[in-house]
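Commentary on secondary and tertiary structure
Take a look at the letters that make up each chain.
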Amino acid sequence: VHPLRLVDGIYPAVAVTPYGTLLDALRDSRLLQVKVTRYETVTKELPFETQTVEDADLDFGKTETVQAGQSGSEQVTSEIVTVDGAVVSCQAVDVQLLQAPVPEIIHRGTRLKSGMIGKLGTGSFLWPVPGYSGISRWANLPYGHRGVDITAPYGTPIYAADAGTVIAAQWHNHPTASWGYYVEIDHGNGYKTLYGHMSSFVVQTGQTVTKGQLIGYVGATGTATGNHCHFEMYYNNALISARNVFPDI
Ligand SMILES: [Zn+2]
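Residues numbered from 1 in each chain as written. Predicted model: local features only at pLDDT ≥ 70, side-chain atom pairs only at ≥ 80, totals over all residues. Heavy atoms only, no water.

Another point: the nonpolar core. One finds Val183, Tyr195, Ile215 and Phe231 to be the most contacted residues of the largest nonpolar core, which totals 29 residues. In this structure, valine 183 is in contact with Val166, Ala168, Ala169, Thr193, Leu194, Tyr195, Met198, Phe201, Val203 and Ile215, ignoring residues within four places of it in sequence. Membership of the second largest hydrophobic core comes to 5 residues, among which are Ala168, Trp179, Tyr182 and Leu194. (Core = buried A, V, L, I, M, F, W, Y, C linked by side-chain atoms within 4.5 Å. Buried < 20%, exposed > 50% of the residue type's maximum accessible area, 1.4 Å probe, protein only. Contact = heavy atoms within 4.5 Å.)

Protein coordination at the zinc ion: the donors are His145 (NE2), Asp149 (OD) and His230 (ND1), at 2.0 to 2.1 Å from the metal. Between consecutive donors of the zinc ion, the numbers of intervening residues give the motif H-x3-D-x80-H. Of this pair, histidine 145 sits in the loop between strand 9 (134–137) and strand 10 (148–151) while histidine 230 sits in strand 17 (residues 228–235), and the two are 85 residues apart along the sequence. The pair formed by histidine 145 and histidine 230 is uniform in burial state, with each residue classed as buried. (Donors = N, O, S within 2.8 Å, 3.2 Å for Na, K, Ca; no water. Helix = DSSP H or I, 4+ residues; strand = E, 2+ residues; numbered from the N terminus.)

In space, the 3 strands of this open sheet follow the order 2-6-3, with mixed pairing throughout. A strand with exactly one partner marks an edge of an open sheet, and here the two such strands are strand 2 (50–59) and strand 3 (63–67). Going across the sheet, the axis of each strand differs from the next one's by a mean of 35°, ignoring polarity. (Pairing = 2+ DSSP bridges. Axes fitted to C-alpha atoms, helices over the stretch in contact; angles between N-to-C directions.)

Attention now goes to the domain arrangement of the protein chain. Each assigned domain of the protein chain is listed with its residue range as follows: domain 1 (34–108) and domain 2 (112–245). The gap between the C-alpha centroids of domain 1 and domain 2 is 44 Å. (Domains from an automatic or database assignment.)

Further remarks concern the side chain of glutamate 104. Here glutamate 104 is to be found in strand 6 (residues 104–111). Of note is the side chain of glutamate 104, whose polar atom sits 2.8 Å from the backbone nitrogen of glycine 69. If near-sequence neighbours (up to four positions away) are discounted, glutamate 104 is found in contact with Phe48, Glu49, Thr50, Gln51, Thr65, Gln67, Ala68 and Gly69. (Polar contact = N/O pair within 3.5 Å; in protein donor to acceptor, adjacent residues only side chain to side chain.)

Moving on: the environment of valine 81. On the secondary structure map, valine 81 appears in strand 4 (residues 72–83). When its relative accessible area of 9% is taken as the criterion, valine 81 is described as buried. C-alpha separation for the pair valine 81 and threonine 41, spaced 40 residues apart in sequence, amounts to 14 Å.

Turning our attention to the sheet that holds strand 5 (residues 86–99). The 3 strands lie next to each other as 1-4-5, forming an open sheet whose pairing is antiparallel. Each edge of the open sheet is held by one strand with a lone partner, namely strand 1 (35–46) and strand 5. On average, each strand axis in the sheet is inclined to that of its neighbour by 20°, with strand direction left out of account. Relative to strand 4, strand 1 runs antiparallel, the two sharing 12 bridges. Paired with glutamate 45 across the strands is serine 73, a residue of strand 4.

As structure tokens, then:
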């Protein structure tokens with residue numbers, strides 16, 4: 001750290017100090033610190049990023065990886081300075097790209113068959129089970145069946161009909177007319193929707209969801225015969241028929 005020089009010469013005897021004493025004195029006043037600068041080169045992995053692209057040629061909710069991601073790498077040279085063995089600075093002085101990462105590209109389908117977007121008043125809704133196979137019965141209001149029974153194979157995704165807040169995601173405890181595992185969403189504009197008999201749900205009470213977000217899967221839990229989604233719609237807490245919202249289904 002401090003430059004030291006040996007200089008030949010003639011000195012007064014009184015100025016001469018024994019070598020060992022001199023070393024001790026230099027050490028005590030920290031004048032013999034050794035500074036080392038070294039360079040280290042390491043290869044670092046560069047993680048790839050994932051890009052999701054909406055694809056109108058792919059069924060709603062389906063995803064397809066069109067390009068697999070691949071990590072890249074770079075060579076980083078660092079200058080490391082130590083004083084008496086302790087690192088006092090470390091900084092990258094050179095970066096060489098060895099291999100650029102390749103991003104993963106995923107296509108997410110947005111294609112809906114005709115009739116799967118419904119409007120009523122100020123509400124705009126997505127048909128919650130685009131992968132459905134049929135309708136076993138519509139709502140019979142005000143005193144009959146409360147919703148539409150949308151049949152679909154076990155495990156078919158169920159999506160939020162509109163954005164909102166999940167106000168229930170739980171088991172429906174009812175002895176004779178249980179919705180089983182169900183989700184209810186308050187859309188904040190007077191409308192609410194409810195999805196029953198799920199095999200499982202993937203949202204929690206209090207969570208906000210976007211329109212078309214996956215909320216659960218078709219099943220036959222609760223009072224149900226066969227796999228279907230029992231779908232109820234409400235406006236100002238009164239049941240409305242999905243048939244009026246999705247007349248072309
Ligand atoms: Zn039903």
